[in-house]
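One letter stands for each residue in the lines below.
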Amino acid sequence: MTNTIALEVKNLNAYFGDFRAVKDINLTYHKNTVNAIIGPSGCGKSTYIRCLNRIHEEVEDASVKGEVILGGKNIYAENADPVEVRKHIGMVFQKPNPFPSMSIFDNVTIGPKLWGEKDRTKLEEITENCLKKAALWDEVKDKLHQDGTSLSGGQQQRLCIARTLAIDPPIILMDEPTSALDPIATVKIEDLMNEIKKEYTVIVVTHNMQQARRIADYTSFFVLGDLIEHGLTSDIFTNPKEKKTEDYISGNFG
Amino acid sequence: MKIPYSKQDQYVYTALRFFSLVVVCLLIAIIFQLFMASKLAFDEFGLSFVTDDFWNPVDDEFGALAFIFGTVVTSILALLIAGPVSVFVAIYTNEFLPKKIASVLGLFVELIAAIPSIVFGLWGLYYLAPFVKNFLAPFLKKYLGFLPFFQGSSFGIGILTAAIILAIMIIPTITSVCREVFKSIPNLRKEAALGLGATKYEMVKIAILKPSFSGIMGALVLGLGRALGETMAVAMVIGNNPVISSSLFSAGATMASVMANEYAEADSELHLSALCYVGLLLFVVTFFVNLMARTIVWNNSRKSKR
């Protein structure tokens, strides 16, 4: 069964200076699943997901202890290179953040270009492929050379997803990817997650419980840096084991 | 509709309006006076003053080309030296240093701007000039001597020394404007680059330098504006010889330096007027350079706020 494991988190702790924001997390993620992380604001869910591609440590004074195993290797091992890690674990952020003064084409291909892909046909192929997967191709195929920031918010976020898909990472992290979007754009992104899980493993932080219910195969519930409960989404929402989970999903706190 | 003011408000309003008007009138008055003072020279030489390169107070013959040349060459050269240094310092302090150390380093850079011009001049005369004469000039001549810029021998004072002094003086301006421009870039965009597997250097290139292009240009033009008008330090180290030479080792003179040097000793009216004409030219040039810089910086800050 080990070959179905995409990512394994062992005793993960995250700190801001002395403050321990994420406490002793142990979790296993399976391939081709969508995994939601829910919890009240300030529960450390964003911090946690930012540990999974080593971007948490880019914040001043932030540090991480513990292990995250990807393909048998600990990404926090002494000799692991964070730059290399991030090529295998992509990330989509809370607000759409395409690079300004870069065309749609350049935005999608920036990852492959960073690693030295120069072949124009190859890059065009990647662009078409990834924009199709991100369900954006039909809307932008005639204006690939316009500024990425000229698109609407929802389109920009799908552009950012295409940009992440272009580096072809087995794992894609999404940190509240729809919190800055309107409901229609949100639905599109949710459909998209469902679609891309055929090829990728998605871990998504969401403040919206209904969203977790709609899209996730598994759901984890965090409170104040602790993992309270993790399981099949259907179990978490219909048959939670913990009192806190039950209170949260029934709207009694959070 | 006019809003009715209370008595007190009316006094305050009148006072504010008065002082604001005084400032505007001052600017207009200075331009007008400069114009009047240079009228004699303008009537005598017309616009050919700008294209003639002889400057001979004894025979009352004046042309400002050599000074324009000196000003442009020293300023551009200063910009070429100070630009890259400032951009590197700004990136290093903003992106690679912990915030506390960065603010200390930033303070040090800005303190350079607090050093009086005359102190720079003395330092240039006693330390920089001998350094240029004994080390820098021979070095440049040895390796780049085939270029027309590094011909002849250096006496220490000259165009090159003046440009280096100017470069040091405009580094604080360019650095602090660049730091502001880089600071206005949201963290999210830097993380986007890092999240795609960019190294820190690549992140700086994609997420910081590329979108800041116009902001950096604005900072450079602002620095240029300062360099064009800088007087005292330049007058002390440039050699004050109005010649146009391709060699950077040669002595020269700038529009500002000739005014500082000759104004007190000018005895003919035409000489005085010619100096004022030079001043008018300098004013026009710096005015437009500053205007350009402000427009670029203003456009840039408006764009990044969106």
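Residues numbered from 1 in each chain as written. Chains lettered and ligands numbered in written order. Predicted model: local features only at pLDDT ≥ 70, side-chain atom pairs only at ≥ 80, totals over all residues. Heavy atoms only, no water.

### Digging into the overall build of chain A
Reasoning step 1: Of the regular secondary structure elements, chain A holds ten helices and ten strands.
Reasoning step 2: Against the 2.2 N^0.38 benchmark of 18 Å for 254 residues, chain A shows a C-alpha radius of gyration of 18 Å, consistent with a compact globule.
Reasoning step 3: Its C-alpha atoms put chain A at 55 × 45 × 40 Å along the principal axes.
Reasoning step 4: The buried share among the 254 residues of chain A stands at 54%. (Helix = DSSP H or I, 4+ residues; strand = E, 2+ residues; numbered from the N terminus. Rg over C-alpha atoms; globule rule 2.2 N^0.38 Å. Buried < 20%, exposed > 50% of the residue type's maximum accessible area, 1.4 Å probe, protein only.)

### Focus: the interface of chain B and chain A
Reasoning step 1: Each partner contributes residues to the interface: chain B has 19 residues there, and chain A has 25 residues.
Reasoning step 2: At the surface where chain B touches chain A, the tally comes to two salt bridges.
Reasoning step 3: We note a salt bridge from Lys-99 of chain B to Glu-60 of chain A, for which the minimum N-O separation is 3.9 Å.
Reasoning step 4: Across the contact surface, chain B and chain A share four residue pairs in polar contact (both at pLDDT 80 or more).
Reasoning step 5: Listing elements by their share of the side of chain B that touches chain A, those giving two or more residues are helix H7 (187-195) and helix H8 (200-209) of chain B.
Reasoning step 6: For the side of chain B that touches chain A, the element with the most residues is H7 of chain B, which contributes seven residues.
Reasoning step 7: A breakdown of the residues in the side of chain B that touches chain A according to their chemical character gives ten nonpolar, three polar and six charged. (Contact = heavy atoms within 4.5 Å. Salt bridge = Lys/Arg side-chain N within 4 Å of Asp/Glu carboxyl O. Polar contact = N/O pair within 3.5 Å; in protein donor to acceptor, adjacent residues only side chain to side chain. Nonpolar A, V, L, I, M, F, W, Y, C, P; charged D, E, K, R; others polar.)

### Section: the sheet that holds strand S1 (residues 5-16) of chain A
Reasoning step 1: The four strands are arranged S2-S1-S4-S5 (chain A) in an open sheet whose pairing can be described as antiparallel. The sheet terminates laterally at strand S2 (19-30) and strand S5 (73-74) of chain A, the two strands that pair on one side only. (Pairing = 2+ DSSP bridges.)

### Here's the deal with the pattern of salt bridges
Residues and elements named next belong to chain A.
Reasoning step 1: Inspection of the entire model under this criterion finds 20 salt bridges over all chains.
Reasoning step 2: One salt bridge connects Lys-133 with Glu-199, and the closest N-O pair in it is separated by 3.3 Å. You can see Lys-133 sitting in helix H4 (residues 120-133) and its partner Glu-199 sitting in the loop between helix H7 (183-196) and strand S8 (201-205), a full 66 residues away along the chain.
Reasoning step 3: Relative accessible area serves as the criterion here: at 22%, Lys-133 is assigned to the partly exposed category.
Reasoning step 4: A salt bridge links Glu-139 to Arg-158; the nearest nitrogen and oxygen atoms lie 2.9 Å apart. Within this pair, whereas Glu-139 is found in helix H5 (residues 137-140), its partner Arg-158 is found in helix H6 (residues 153-165), the two being separated by 19 residues in sequence.

### Description of the pairing of strand S3 (residues 34-38) of chain A
Residue and element names in this part refer to chain A.
Reasoning step 1: Among the five residues that make up S3, five are buried, leaving the element largely enclosed by the rest of the structure.
Reasoning step 2: Alternating residues of S3 divide into Val-34, Ala-36 and Ile-38 and Asn-35 and Ile-37, and every residue in both groups is buried.
Reasoning step 3: Examined bridge by bridge, S3 and S8 share four bridges and lie parallel to one another. Residue pairing in the sheet places Asn-35 in a bridge with Ile-203 of S8.
Reasoning step 4: Note: S3 against strand S9 (residues 218-223), four bridges, orientation parallel. Each bridged residue has a counterpart across the sheet, and for Ala-36 the counterpart in S9 is Thr-219.

### Focus on H6 of chain A
Since the α-helix advances by 3.6 residues per turn, residues separated by three or four positions end up pointing in the same direction.
Reasoning step 1: The end-to-end C-alpha distance of H6 of chain A is 18 Å, a good match for the 18 Å that 13 residues give at a rise of 1.5 Å each.
Reasoning step 2: Within H6 of chain A, twelve of the 13 residues are buried, leaving the element largely enclosed by the surrounding structure. (Expected span 1.5 Å × (residues − 1).)

### Details of the layout of surface pockets
Residues and elements named next belong to chain B.
Reasoning step 1: There is about 770 Å³ of room inside the largest pocket.
Reasoning step 2: What lines the largest pocket is a set of 28 residues, among which Asn-94, Glu-95, Lys-99, Asn-187 and Lys-190 lie closest to the centre.
Reasoning step 3: Tallying contributions element by element places H7 first for the lining of the largest pocket, with five residues.
Reasoning step 4: By residue class, the composition of the lining of the largest pocket is eleven nonpolar, seven polar and ten charged. (1 Å grid on protein atoms, 1.4 Å probe; cavity = no way out; pocket = protein on both sides within 12 Å on 5 of 7 lines; lining within 4 Å. Points joined across faces, edges and corners; volume = space filled by probe spheres on them.)

### Observations concerning the side chain of Thr-254 of chain B
Reasoning step 1: By the element assignment, Thr-254 of chain B lies in the loop between helix H10 (232-237) and helix H11 (255-262).
Reasoning step 2: Every residue in contact with Thr-254 of chain B, bar those within four places of it in the chain, is listed here: Phe-67, Gly-70, Thr-71, Thr-74, Val-234 and Ile-238 of chain B.

### Regarding unusual backbone geometry
Residues and elements named next belong to chain A.
Reasoning step 1: One non-glycine residue with positive phi stands out, namely Arg-54, at about 60 degrees.
Reasoning step 2: Take Arg-54: it is sitting in the loop between helix H1 (45-51) and strand S4 (62-70).
Reasoning step 3: Residue class for Arg-54 comes out buried when judged on its relative accessible area of 10%.

### Considering the confidence of the model for chain B
Reasoning step 1: For chain B, per-residue confidence averages 88 on the pLDDT scale, and residues scoring 70 or more make up 96% of the total.
Reasoning step 2: Helix H3 (residues 65-96) of chain B holds the highest mean pLDDT among the elements of chain B, 94, whereas helix H12 (residues 269-305) of chain B holds the lowest, 83. (pLDDT = per-residue confidence, 0-100.)

### Some details on the packing of aromatic side chains
Reasoning step 1: One pass over the structure, following the stated rule, counts 16 aromatic pairs over all chains.
Reasoning step 2: For the pair Tyr-48 of chain A and Phe-222 of chain A, a centre-to-centre distance of 5.0 Å together with 45 degrees between the ring planes defines the contact as tilted. With Tyr-48 of chain A in helix H1 and Phe-222 of chain A in strand S9, the pair connects residues that are 174 residues apart, well separated along the chain. We note that Tyr-48 of chain A, like Phe-222 of chain A, is buried.
Reasoning step 3: Residues Phe-149 of chain B and Phe-150 of chain B carry aromatic rings whose centres are separated by 6.3 Å and whose planes lie at 85 degrees to one another, so their mutual orientation is edge-to-face.
Reasoning step 4: The exposure class assigned to Phe-149 of chain B is partly exposed, which follows from its relative accessible area of 40%.
Reasoning step 5: Through a chain of ring-to-ring contacts, the aromatic side chains of Phe-42, Phe-45, Phe-49, Trp-55, Phe-62, Phe-67 and Tyr-277 of chain B assemble into a single cluster. (Phe/Tyr/Trp six-rings, centres within 6.5 Å; stacked < 30°, edge-to-face > 60°.)

### Side note on empty space enclosed by the protein
By rolling a water-sized probe across the atoms, one finds the places where empty space is left.
Reasoning step 1: Across all of its chains, the model carries one cavity of 30 Å³ or more by this definition.
Reasoning step 2: Here the largest cavity defines a volume of roughly 40 Å³.
Reasoning step 3: Taken together, Met-91, Phe-93, Arg-163 and Thr-164 of chain A together with Ala-192, Gly-195 and Leu-196 of chain B form the lining of the largest cavity.
Reasoning step 4: Elements supplying a minimum of two residues to the lining of the largest cavity: H6 of chain A together with H7 of chain B.

### Re the packing of helix H5 (residues 117-144) of chain B against helix H6 (residues 159-183) of chain B
Residue and element names in this part refer to chain B.
Reasoning step 1: Orientation of H5 relative to H6, taken along the N-to-C sense of each, is 125 degrees, at an axis distance of 9 Å. On the basis of the axis angle, H5 is oblique to H6. Considering only the axes of H5 and H6, their crossing is right-handed. Contacts between H5 and H6 involve Ser-117, Phe-120, Trp-123, Gly-124, Leu-128, Ala-129, Val-132, Leu-136 and Leu-140 on the former and, on the latter, Leu-160, Thr-161, Ile-164, Ile-165, Ile-168 and Met-169. (Axes fitted to C-alpha atoms, helices over the stretch in contact; angles between N-to-C directions. Parallel < 35°, antiparallel > 145°, perpendicular 65-115°, else oblique. Left-handed = near helix turned anticlockwise from the far one by under 90°.)

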